[in-house]
Amino acid sequence: MARRNLRKGMTMIGPTPGLRVKQLEVRTRKDSGRNRSRLVEVAIKQSNVTSPMRSSCLSTPSKHSRSPSKQHFWSVDDETNVADMAQPPIDPIRLPRTMNDYIREWLRHKEDLLRILLEMEAAPSPRNCTKCGKDGVYRCTDCMHQPLFCTDCCRILHEAHPFHRIQQWTGEFFEDSALHMTGFQLYLGHNGAPCPSASPGPEHGPSEGQRYKMDTRAGGMGMVEEEWEDIDEVPLHLRPPANSKYLTIIDVMGVHFVRVQPCQCLDADSYHRQLFQAKLCASTFEKPSTAFTFAVLDDFLRENLECGTSGMNYYSKLHRVTSNVFPHLVPNRYRELLRLARQWRVLKLLKWNGFQDETERSSPGDLALFCAACPQPGINVDPDVDLDDWKYTRTVVMDGNFKAEHMHEKRPDDQVWLMDGRGFMVAHPPYQEYLQATPHITEKSACHNHRAISQANVSRGKLSATGIGATACARHGCFYPHSVVDFQKGERQLNMDYSLSNALGYNMTGIKNVLCFYDINCSYMKNLCKRVNNSPFLHIPSSLQIVPGIGIWHVHGHKQECYARYAPLFLRGSGWVDGEIIETLWSILNIVSASTRGMSSPHRQELLDFQMNDSNFMKMIRIVDSLSRKLKAARASVAMARDAFTKLDEAVSSENRQVWSIQEESALGGRVRDVSVMDIFEIQLKKAPTVRAVELELLEAPSQRGTRQGAASWITRGLGIEESEITLAITRKDSSKYPSETKRLAMARRADRLAVDRSRFIADSQIYLAPLHQGTDADDYSSGMTDVPHHMSAGDDVVSGEEDSEGSMDEAADAVPLKMTKIAPLPLPSNFGIERCRAAGADELVEMELKLRIGQANDALHGLRIALADKAVAFRGVVRQATSYSMRTRAWQMVNSIDSSVRQQAAIYRRCREAMIALGADTDTLTRFQQLHKSHMAVHTAAFSQNAHDHRSSNLPWFWCMDIPRTTSSKNWLTEFYRIHWLRAKAVKDRWEEEEDLLVSEFHWTMNFFKFRAKKWNKKCVSFKAAGLHGAACYAARQKAVYDRLAEQGASKWLNMSPEILPLNQ
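Before going into details, it helps to say that this report is about the structure given with it. None of the values given here were measured: they were computed from a predicted structure. (Residues numbered from 1 in each chain as written. Predicted model: local features only at pLDDT ≥ 70, side-chain atom pairs only at ≥ 80, totals over all residues. Heavy atoms only, no water.)

### Re the packing of helix α8 (residues 428-437) against helix α10 (residues 493-503)
Between two packed helices, both the angle of their axes relative to each other and the distance between the axes serve to describe the pair.
Then comes step 1: It is at 11 Å that the axes of α8 and α10 come closest, and there the two elements cross at 140°. Viewed along their axes, α8 and α10 adopt a mutual orientation that is oblique. In the crossing of α8 with α10, the sense of the turn from one axis to the other is right-handed. Every residue of α10 that contacts α8 at P430, Y431, Y434 and L435 is listed here: L494, N495, D497 and Y498.
Then comes step 2: Of the residues belonging to the contact of α8 with α10, the class tally is six nonpolar, one polar and one charged. (Axes fitted to C-alpha atoms, helices over the stretch in contact; angles between N-to-C directions. Helix = DSSP H or I, 4+ residues; strand = E, 2+ residues; numbered from the N terminus. Parallel < 35°, antiparallel > 145°, perpendicular 65-115°, else oblique. Left-handed = near helix turned anticlockwise from the far one by under 90°. Contact = heavy atoms within 4.5 Å. Nonpolar A, V, L, I, M, F, W, Y, C, P; charged D, E, K, R; others polar.)

Below, the structure written as structure tokens:
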């Protein structure tokens, strides 16, 4: 019988004939954006069941169970008899099928499908024309069902499909053929009918035995009617029509030779116009011999956009489509394809933007499409509203891309620009004039040595452009029109200045606030106003307030203070933005960047403009779905951020809350004038000074009278030598009993270098401690006149330990005291004693060494904390996880290495404390720097376990709090901790609230943009109709319908949102 599970109302599914129980993990996504997973029991129908039940399955859980305690449940009573389970009251459900399930199903039909595929190679029986019933000779592979035709029916029925590929029956198999071999002719004009004014001529059908000679003219491979000895190697369908004029037409279906009969009426258009009206683009205007269909040009542009297919690869594909066996015999029209593709791109852009003719006034970026959700006064924002509001802030991001290289051109002066400056790339002549008139000023960065600064002047001889720089909207990732510039060397500031200046002049009338993200804004923005004012080519309104920021990914590569000053979290009005969206746009451009490397400058500009315009177009048609998805996530995040901040705010006193609020408001309001005010978002307590900080302070301080220059650096050298000697002594002790020759040589070299440094230091001591050297021979410092231990006495030794049963890693055995090493003392004030130094008038040197010793002690304790933390992590994540002897050996080698570092830092600290005592340190200093005992170096891995039993009784050793100054009380430290968390939690809440408000506004602006574009196309439609341009009027009406449909989609999406959101009324 079924056993009852602990959960109420659920019973175990027992073994059932024809059913197999399986446990599945079901994952669902909640509105908040979080994933939820749960286990579901399902019954699966089995095909073969021989026994009604097996008793062994009664109490055996499924093998798919996540836990042995999991049981199979079925809603039946406990009293249900096993024999009554033959007809279960539940219906089996069908599991979702995977790709492998479909492939396994295909394997069962593989042989049958192959048989059908081979049967299609044969001619049908009887072999009659499907149209007239006569003898069928040709079949069309592009028509549905591959119908069989006679010669006349094949020619007549393909008048509307002149580029289908056909095959001819040879008696044994179907051979590739061509429509021109059936006598097919293409008539221009008169809706494809023969021109009544044309003079009658002979019908040219397929001729037997006609021999041709290849035309070897550059760029083509036609045929002329002359004898050629190897003509039999050319298949019939690759030979052009004989004794007639023909046109080589390139279509998606391959390369075709077609007899073309133009209209010969008196009022007929020119030949190339007739071809264009037939959707054939001629390669030349006088006596064209090659034409490309509109379909193949559109297909090439799509493949170039989506797949990055170059012209060479695309035409190579057409070769294979025409003849897979003889692609090398197909006429080569690669250069014509590149030329016509350039012209076709420009015609498309002019058509899409409503330019009927070139008499209309052009402006920079007028063929480019911009973001629908960014505020643009006069387009999607009423110019009469208060544009000072933070919601109308433009958010831009700048960056460089070094994949879009460009080589030097052979004839740079012989170029034809088709759309220079009308897309996203800046106009060529003004930009070159700006570069020649603007010198590059190398500015040293106060932050880290970023590559964008350090390699700004790096040039490569074979490249005229090392990359491109662009500006895009930081919230939606749309390129700014007329703002993409070429790099001549590295990512120089003068290049990015030109890009930013043009971007901030695009549809910005009335907008006064800009958030600008750039990887190196901490250096770039310092002198931007100065560079703009000094250049007649740059213009940024003085009333425009630019707030700099750094993307969240790049800001972590800067100095620590750059995070609070430039991170998006602390930029008021930015919403929840990362400032890195332009990095995702480069992947789109990089698809075609390789093919633009060797193009001419105009061709490269047109291709990149077309690619960026398509990127913006795809952003526009998907912007409604993107905004609605972001808005749902933002509303959930706002609730969580408010809840987290409220809980933290309730624990804060009203006095602190008021002070912190004033600090925050003051910093956010004054960051434009001085970005350093944002440092209030970082911890304000000073850290313990290091040796370097103390040395710098001593060097910058004015020297007192009677003290020689360089004394501080000389004492620092002595401390370094002392540290190296201690480290070497411990390394020698930690080495094995029989170290390798390489290791012994390395230690001998270190000892030799230390001996040289010691000799130089002792020689320099005669300059600073001349009175103290009286009666002391210099040889005494090298003979070891004092036994100096390199750590504390026995009993306070630090050795590596093992982890006990409670998680601590104390010593496994009693410590063995280290052997006293003969280390000669250096001539430092601490080794002479304070009384002797004062008698010799070296009081200032005593104070210097005491300060430096304090810094050295801080460094040693910091290194000790790091080493002990590494040791705890090593035990927790390496030693305990080791599953084999070799892994455990390597793990303990790691622990022993860390132990050596612990002993070194401890020995250095103890030497520092002894020196402090010798230098007469006060009680406060010695209380702060306490004695270091063996128990202080014990590391407890229980700190990693939240439920460990010894957390409450354990305390951290005194030196773990040494990074906090002595003057700071624990209460002040806790207050500082709460202040930072309060400010950052409030920043998170504010940014999410801004994000919600911005997304609602952007929804309105997007709808207004679609309505504006629809109204614009409606005006064009009316004007075109008035001018008698019926085709242009129809296209304008179609474009208006497109934008109306986008607006309707957005309104529908808005109505489906939660009713808590305000209705769309703008």
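### Structural notes on the nonpolar core
Then comes step 1: Core analysis: the biggest nonpolar cluster contains 66 residues, and L500, L504, Y524, I546, M620, F1010 and Y1043 have the highest contact counts within it.
Then comes step 2: By residue number, the principal contributor to this core is helix α27 (residues 970-1026), which donates 10 residues.
Then comes step 3: Of all hydrophobic cores here, the second largest spans 48 residues; its members include L698, L861, A867 and I908. (Core = buried A, V, L, I, M, F, W, Y, C linked by side-chain atoms within 4.5 Å. Buried < 20%, exposed > 50% of the residue type's maximum accessible area, 1.4 Å probe, protein only.)

### A few points about the sheet that holds strand β4 (residues 148-149)
Then comes step 1: The strand order across the open sheet formed by four strands is β4-β3-β5-β6, and the pairing between neighbours is antiparallel. Strands with a single pairing partner mark the edges of an open sheet, and in this sheet they are β4 and β6 (174-176).
Then comes step 2: Sheet topology places strand β3 (residues 138-140) next to β4; two bridges connect them, and they run antiparallel. Bridging from a neighbouring strand, R139 pairs with L148 of β4. (Pairing = 2+ DSSP bridges.)

### A word on the pairing of strand β20 (residues 545-549)
Then comes step 1: Counted residue by residue, β20 has four buried out of five residues, so it is predominantly covered.
Then comes step 2: Relative to β20, strand β19 (residues 513-517) runs parallel, the two being bridged by five bridges. Each bridged residue has a counterpart across the sheet, and for C516 the counterpart in β20 is P548.

### Brief notes about the sheet that holds strand β11 (residues 254-261)
Hydrogen bonds between backbone groups are what pair the strands of a sheet, and the pairing can be parallel or antiparallel.
Then comes step 1: Spatially, the five strands line up as an open sheet ordered β7-β11-β10-β13-β12, and their pairing is mixed. Each edge of the open sheet is held by one strand with a lone partner, namely β7 (185-187) and β12 (280-282). The average undirected angle you get between the axes of adjacent strands in this sheet is 40°.
Then comes step 2: Where β7 lies against β11, three bridges are found, and the strand directions are parallel. Its bridge partner being in β11, L186 is matched across the sheet by V260.
Then comes step 3: Running at roughly 65° to strand β13 (residues 290-293), helix α5 (residues 294-306) makes contact with β10 (247-251), β12 and β13 of the sheet.

### What to know about the packing of aromatic side chains
Then comes step 1: Inspection of every chain in the model, using the stated rule, returns 28 aromatic pairs.
Then comes step 2: Ring centres of Y392 and W1005 lie 5.6 Å apart, and the angle between their planes is 35°; on these two criteria the pair is classed as tilted. Residue Y392 is located in the loop between α7 (334-352) and β14 (394-401), and its partner W1005 is located in helix α27; the two are separated by 613 residues in the primary sequence. Across the pair, exposure class does not vary: Y392 and W1005 are buried alike.
Then comes step 3: Taking 4.6 Å as the distance between ring centres and 5° as the angle between the ring planes, the aromatic pair formed by W714 and F761 counts as stacked. You can see W714 sitting in helix α19 (residues 711-734) and its partner F761 sitting in helix α20 (residues 741-768), a full 47 residues away along the chain. For the residue pair W714 and F761, the accessibility class agrees, reading buried in each case.
Then comes step 4: Ring pairing ties together the aromatic residues Y431, Y434, Y498 and F537, which thus form one cluster.
Then comes step 5: Over the aromatic face of F355 sits the side chain of R422, whose NZ or CZ is 4.9 Å from the ring centroid. (Phe/Tyr/Trp six-rings, centres within 6.5 Å; stacked < 30°, edge-to-face > 60°. Lys NZ or Arg CZ within 6 Å of the ring centre and 35° of its normal.)

### Observations regarding the pairing of strand β5 (residues 166-169)
Then comes step 1: Where β3 and β5 come together, three bridges link them in antiparallel fashion. By the bridge assignment for β5, C140 is matched with I166.
Then comes step 2: Sheet topology note: the β5/β6 ladder contains three bridges and is antiparallel. Note on β6: the bridge partner recorded for Q168 is E175.
Then comes step 3: Here β5 hands over to β6 after four residues, with G171 in that stretch at a positive phi of 105°.

### Notes on the pattern of salt bridges
Pairing is possible between side chains of opposite charge, provided their charged atoms come close.
Then comes step 1: All chains considered together, the criterion is met by 36 salt bridges.
Then comes step 2: Of the charged contacts, one joins D486 and R604 as a salt bridge, the two residues approaching to 3.0 Å between their closest N and O atoms. Separated by 118 residues along the polypeptide, D486 in strand β18 (residues 485-487) and R604 in helix α15 (residues 601-621) bring together distant segments of the chain.
Then comes step 3: By relative accessible area, R604 is classed as buried at 2%.
Then comes step 4: As a salt-bridge pair, E994 and R991 come within 2.9 Å of each other at their nearest N and O atoms. Here E994 and its partner R991 are both found in helix α27, three residues apart, which amounts to about one turn of the helix.
Then comes step 5: Because the salt bridges share partners, they merge into one network encompassing R642, E664, K986, K989, D990 and E993. (Salt bridge = Lys/Arg side-chain N within 4 Å of Asp/Glu carboxyl O.)

### A word on the layout of surface pockets
Then comes step 1: Taken as a whole, the largest pocket encloses approximately 1000 Å³ of empty space.
Then comes step 2: Lining the largest pocket are 27 residues, and of these R335, G598, M599, S600 and H603 sit closest to its centre.
Then comes step 3: Elements represented by at least two residues in the lining of the largest pocket include exactly α5, α6 (311-322), α7 and α15.
Then comes step 4: The dominant element in the lining of the largest pocket, judged by the number of residues it contributes, is α7, at seven residues.
Then comes step 5: Here the lining of the largest pocket is composed, by residue class, of nine nonpolar, 10 polar and eight charged. (1 Å grid on protein atoms, 1.4 Å probe; cavity = no way out; pocket = protein on both sides within 12 Å on 5 of 7 lines; lining within 4 Å. Points joined across faces, edges and corners; volume = space filled by probe spheres on them.)

Such coordinate-based values are descriptive only and should not be taken to indicate function.
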